[in-house]
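Structural overview for review
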There are 2 protein chains.
Amino acid sequence: MATMASLFLKTPGPSQSLPKTHKTRFVLPQNLPLSWRSKYRAGAAAVRIRCGLIDPDGGKLVELVVEEPQRDLKRRQALSLPQIKLSKIDIQWVHVLSEGWASPLKGFMRESEFLQTLHFNSLRLGDGSVVNMSVPIVLAIDDSNKNNIGESSSVALVDDKDNPIAILNDVEIYKHNKEERTARTWGTTAPGLPYAEQAITHAGNWLIGGDLEVIEPIKYHDGLDRFRLSPAELRDEFTRRNADAVFAFQLRNPVHNGHALLMTDTRRRLLEMGYKNPVLLLHPLGGYTKADDVPLEWRMKQHEMVLEDGVLDPETTVVSIFPSPMHYAGPTEVQWHAKARINAGANFYIVGRDPAGMGHPLEKRDLYDADHGKKVLSMAPGLERLNILPFKVAAYDKTQNGMAFFDPSRPQDFLFISGTKMRTLAKNKESPPDGFMCPGGWKVLVDYYDNLTPSENGRVPEPVPV
Amino acid sequence: MATMASLFLKTPGPSQSLPKTHKTRFVLPQNLPLSWRSKYRAGAAAVRIRCGLIDPDGGKLVELVVEEPQRDLKRRQALSLPQIKLSKIDIQWVHVLSEGWASPLKGFMRESEFLQTLHFNSLRLGDGSVVNMSVPIVLAIDDSNKNNIGESSSVALVDDKDNPIAILNDVEIYKHNKEERTARTWGTTAPGLPYAEQAITHAGNWLIGGDLEVIEPIKYHDGLDRFRLSPAELRDEFTRRNADAVFAFQLRNPVHNGHALLMTDTRRRLLEMGYKNPVLLLHPLGGYTKADDVPLEWRMKQHEMVLEDGVLDPETTVVSIFPSPMHYAGPTEVQWHAKARINAGANFYIVGRDPAGMGHPLEKRDLYDADHGKKVLSMAPGLERLNILPFKVAAYDKTQNGMAFFDPSRPQDFLFISGTKMRTLAKNKESPPDGFMCPGGWKVLVDYYDNLTPSENGRVPEPVPV
């Protein structure tokens, strides 16, 4: 994957000579599309275009990994504390917290943060300001853990081999009302929500919050760690590239040419707005995903091909892995996806149709209205500083043999290829229409389904979740 | 009920000569209880004690009743419009909206307001400021209504006899996702939530929002209309009384001496804080309540007796009816109860254990954690200006033969009399311990249960809901 690293992080020469620290204010261009303008109109604290990266939530990026010289001390301290064993998803959240994606959160939520998240999707800080926080980042424990902790104010968090991962200090234990948590996060309590089945239904009846000290950076040793840039590292990279705008694209699926068209077009629009060097953060989600999503490893191979094939410009693209687990909580979760990218320096966020959505677990319909994600995102407290870029619908244009923005005046010329359709084609080793995806990228998908061992009845099984 | 009116609205002489318009700022006293202090510490816009009434949300009280000279015109206009028939609960919401309890809402919610309410319990206004709005105030219509409305931008809202009540202008029709609405409002989708069964489950699959023009003030002709003071009328009354603090007490149950003790004690504390003339708004909820709550008419009789018996001081108490229906949505609804009282001029709000709570419809537990109501209320966006007064627990002190604040050092001396216990005693014509409730008030309760016609099997039936 050497090519991948060099491609993903290839740094252009400083073709722009914008000042890095001095914050220039641009006048808002008159030709903004309507949806952008309403954003600018929205509040007293109107968004301004400026050089330099957007500030992290709370003003300062939270970093919770203990300094090198203190790590042995912390490891020894952890041995003397009551222990809580972390699941893989718990460790992903420790990772998220440790690098400040959830800034200004300093650890797993205490009850006051949990309640504010459930009821308001936001947290009020000590100075009265508000930051967005829409999904609970909590750690569940059971009765025996709770008894074991007793009156201890600190606990050690360990992995499945009892290696200490972190220490949680000034802990607070409170009730884990799973029904209420699920209802307020997903807007349904129907059985079959992937994250709930994986991390809530069978979890303990208590939550434990506190301040984290993470003993060393979280690594997965899966060959992809070097692509897991922290918000601080991403900020350094954007600064090194003299980015004056960073637009983030969250994804958990293979990239097709429709996505590429959208990202290229966004850059064009940002240049038209007056930005000199907009940089794309192509940011696949790397934590827990449901069984029928394409696993991270294969998605990363596919993204590599897309860059190699020149569909996206490596000069102005940073590909990195976002370590968060996936909730599939639609309008609630898209806020988290956007907020975390502010902390990594993004001031523009591309939002598509039904972001973080899925089918209803019981009913034959989508769980969320396809437009609610972008509507909720555009109104969300604490995200006023972020410029929301609604996704234009791209489809396969049969007259041009390629992906293009859908033109409602000639619907007969367009073909919509859903994720399900795409997966079915790849599973059956069929080819999509020319121009749907670059050949190298498509081959990765076909290889992935080929690599899944067929089950006895000859059908390709669903992959096993993380 | 002449005595009732004179008692409830008896006006003391202007014993205080505080300026009504000039806003003096008091220094925060050092001896505030801890829970109050944290409130003062909370934000950049710290709460300040000042004379004059608190401003309504959005700065201006919304009033949606058409002026007298235009009413005939509006009635005729209504006849030419597509019609929607209102339920009793719908009319209660029209009442609520018409008088500005939900200021700055100008009518039933459009989708952007509905989504902000569900996700954020608050609305962002055009100037970027935020007001609290935690329960959806929406109007459901079915497919045939929707077809009938067609492209019309206005519709007439009529009662069950087709009398026009209001006109809804610039309407927007959007999907009524009942499951999501219920999950996000109540934190459960369990069947058996009283408001949901009454107003959601069988309602139409669409919601219609728009700006209201209410043709004349909503009246119920039940002998209690004169106690239904609007926020504007309450503000006039508080101003007339030279109130420099207004503390609101929401209730949907008979008043016992524990409540009275709490209200009297609150006034004492406010005087200690430096207020010269704190006035109590004793504010029973008058809209829909569940079948086993005591109906409004009987509660009002009971409240009258409590004032006649001198348990509360009529000089510093205003009793009025709050026209809202009841959701029983716990921490979500208590915000609505508080916010509406800001609009009526209250700057202090008393919150008890498990406000607006009830038992879980399916499980043997309370639906909400008893402390979540006051916690959520104290953190709610848009309520920063309101001073939250947590309820101290009162119980029957056997050593004093009366209600007193519970003293944890001698628990054996106290008797807790729940609402269920109280109702059972009254149903069986038994007496509560001396000093639990004034005799006149208790007699009203016994009379109420006596008046319910026993069903054939000799058991007292539950009353029928509004």
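Reading the values: rules and limits
- Residues numbered from 1 in each chain as written.
- Chains lettered and ligands numbered in written order.
- Predicted model: local features only at pLDDT ≥ 70, side-chain atom pairs only at ≥ 80, totals over all residues.
- Heavy atoms only, no water.
- Least-squares fit on C-alpha atoms with pLDDT ≥ 70 in both.
- Contact = heavy atoms within 4.5 Å.
- Buried area = accessible area lost by both parts, 1.4 Å probe.
- Salt bridge = Lys/Arg side-chain N within 4 Å of Asp/Glu carboxyl O.
- Polar contact = N/O pair within 3.5 Å; in protein donor to acceptor, adjacent residues only side chain to side chain.
- Helix = DSSP H or I, 4+ residues; strand = E, 2+ residues; numbered from the N terminus.
- Nonpolar A, V, L, I, M, F, W, Y, C, P; charged D, E, K, R; others polar.
- Buried < 20%, exposed > 50% of the residue type's maximum accessible area, 1.4 Å probe, protein only.
- Pairing = 2+ DSSP bridges.
- Axes fitted to C-alpha atoms, helices over the stretch in contact; angles between N-to-C directions.
- Phe/Tyr/Trp six-rings, centres within 6.5 Å; stacked < 30°, edge-to-face > 60°.
- Lys NZ or Arg CZ within 6 Å of the ring centre and 35° of its normal.
- UniProt positions renumbered as here; feature names shortened; annotations may be inferred.

1. Digging into the relation of the copies chain B and chain A
Aligned on chain A, chain B shows an RMSD of 0.0 Å; the corresponding rotation is 180° and the shift along the axis is 0.0 Å. Put plainly, the chains are arranged around a two-fold axis.

2. A closer look at the interface of chain B and chain A
Each side of the interface is counted separately: chain B has 45 residues, and chain A has 45 residues. Between chain B and chain A, the buried area comes to about 3400 Å², and carbon and sulfur atoms account for 45% of it. It is Phe 120, Arg 124 and Met 379 of chain B that lose the most area in chain B upon contact with chain A, and together they represent 21% of the buried surface on that side. Taken together, the connections running from chain B to chain A amount to 8 salt bridges. Among the ionic pairs, Glu 384 of chain A bridges to Arg 124 of chain B, the shortest N-O distance being 2.8 Å. Across the chain B-chain A interface, the total number found is 23 residue pairs in polar contact (both at pLDDT 80 or more). For the side of chain B that touches chain A, the elements supplying multiple residues, two or more each, are α5 (111-120), α7 (178-186), α12 (330-343) and α13 (372-379) of chain B. Broken down by class, the residue content of the side of chain B that touches chain A amounts to 15 nonpolar, 17 polar and 13 charged.

3. Regarding the pattern of salt bridges
Inspection of the entire model under this criterion finds 62 salt bridges over all chains. With its nearest N and O atoms 3.3 Å apart, the salt bridge here joins Glu 68 of chain A to Arg 71 of chain A. Looking at Arg 71 of chain A, the relative accessible area reads 15%, which means it is buried. Put simply, Glu 237 of chain B and Arg 241 of chain B hold a salt bridge, and the shortest N to O gap is 2.8 Å. With respect to class, Glu 237 of chain B is no different from Arg 241 of chain B; both count as buried. One continuous salt-bridge network, built from bridges that share partners, spans Arg 252, Lys 290, Asp 292 and Asp 293 of chain A.

4. So, the sheet that holds strand β1 (residues 83-85) of chain A
Residue and element names in this part refer to chain A. The sheet built from 5 strands is open, its strands ordered β1-β5-β6-β7-β4 with mixed pairing. If you trace the sheet from one side to the other, it starts and ends with β1 and β4 (140-141), each paired once. Of the strand pairs in this sheet, β1 and strand β5 (residues 155-158) are connected by 3 bridges, and their pairing is parallel. Its bridge partner lying in β5, Lys 85 is registered against Val 158. Here helix α3 (residues 71-79) sits on the sheet and contacts β1, β5, β6 (164-175) and β7 (206-214); the angle it forms with β6, its principal contact strand, is near 50°.

5. Side note on the packing of aromatic side chains
Applying the stated criterion across every chain, the model contains 24 aromatic pairs over all chains. Pairing Phe 406 of chain A with Phe 416 of chain A gives two aromatic rings, centres 5.4 Å apart and planes at 55°, and the pair type is tilted. Of the two residues, Phe 406 of chain A is situated in the loop between β14 (402-405) and β15 (414-415) and Phe 416 of chain A in the loop between β15 and α14 (419-427); the sequence distance between them amounts to 10 residues. Residue classification places Phe 406 of chain A among the partly exposed positions, given a relative accessible area of 29%. Since its relative accessible area comes to 52%, Phe 416 of chain A is described here as exposed. Its guanidinium or amino end placed over the ring of Phe 322 of chain A, Arg 341 of chain A lies 3.9 Å from that ring's centre, counting from NZ or CZ. Stacked on the ring of Trp 206 of chain B, the Lys or Arg Lys 146 of chain B has its end atom at 4.4 Å from the ring centre.

6. Examining unusual backbone geometry
All names here are of chain A. Looking along the chain, the bond that leaves Ser 103 and enters Pro 104 is cis, with omega of 5°. Looking at the secondary structure, you find Pro 104 in the loop between α4 (88-98) and α5 (111-120). Positive phi outside glycine occurs at Asn 121, with the angle close to 55°. Even without glycine at this site, Asp 170 takes up a positive phi of about 50°. You can see Asp 170 is positioned in strand β6.

7. So, the UniProt feature "domain: Sulphate adenylyltransferase catalytic" (unreviewed entry) in chain A
What UniProt calls "domain: Sulphate adenylyltransferase catalytic" (unreviewed entry) maps, in this numbering, to residues 226-447 of chain A. The span residues 226-447 of chain A is 36% helix and 16% strand, and its two end C-alpha atoms sit 24 Å from each other.

8. Topic: the sheet that holds strand β5 (residues 155-158) of chain B
Hydrogen bonds between backbone groups are what pair the strands of a sheet, and the pairing can be parallel or antiparallel. Residue and element names in this part refer to chain B. Strand order in the open sheet made by the 5 strands is β1-β5-β6-β7-β4, with mixed pairing throughout. Looking at which strands have only one partner, the edges of the open sheet turn out to be β1 (83-85) and β4 (140-141). Inspection of the sheet shows β4 paired to strand β7 (residues 206-214) by 2 bridges, in the antiparallel sense. Bridge pairing in β7 places Ala 140 opposite Leu 207.

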